[in-house]
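An overview of the molecular structure
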Amino acid sequence: MSVTHIARLDSECTLRERTEIAAEKLIHGEPMQSFADIYSDPGKVFHVGIWEGAPARWRVKYTEHEFCYIVSGSLRITDTQGVSIYAGRGDSFVIPAGFVGVWEILERTRKIYVVYEPNPAQ
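Residues numbered from 1 in each chain as written. Predicted model: local features only at pLDDT ≥ 70, side-chain atom pairs only at ≥ 80, totals over all residues. Heavy atoms only, no water.

**Focus: the pairing of strand β9 (residues 100–116)**
Here is the rule: Should DSSP find at least two bridges between two strands, the strands are taken to pair. A run of H or I in DSSP counts as a helix once it spans at least four residues, and a run of E counts as a strand once it spans at least two, with each numbered from the N terminus.
In terms of strand pairing, strand β4 (residues 46–53) meets β9 through eight bridges, oriented antiparallel. Bridge assignment links H47 to a residue of β9, and that residue is V115. The pairing of strand β5 (residues 56–61) with β9 spans six bridges and is antiparallel. What sits directly across from W58, in β9, is W103. Pairing between strand β6 (residues 65–79) and β9: 13 bridges, direction antiparallel. By the bridge assignment for β9, L75 is matched with I105.

**Regarding unusual backbone geometry**
To be explicit about the condition: Partly exposed residues are those whose accessible area sits between 20% and 50% of the maximum for their type, while under 20% is buried and over 50% is exposed, using a 1.4 Å probe and protein chains only.
Within the chain, K44 stands out as a residue other than glycine whose phi angle is a positive 60°. Summarising the element assignment, K44 is placed in the loop between β3 (32–40) and β4. Take K44: its relative accessible area is 55%, and that puts it in the exposed class.

What follows is the structure, given as structure tokens:
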């Protein structure tokens, strides 16, 4: 896709890619997730897409900044200090680079994501 074309996000799109939560990060639950990257900039630092996952809990360590909009389902994210947020359908939030904690999908969840991961050389 040329960067001069508009990338449409359809929250009902078919998720073409599947990935598994790494065994060393998985605490419990379904390790498979599905996603569709809808847009990535030519420098591969900015990405937009749709993700879906089944109930699971796993450890995360963010190197990227991520904006999330919850299309369906619910989740909880807890930091290393024990502070957590709950998000459900219609909620949105930003996770900053450097965040360390636990993602917990409480029921099958679909989100629209926008990720910015700066090039480490910059």
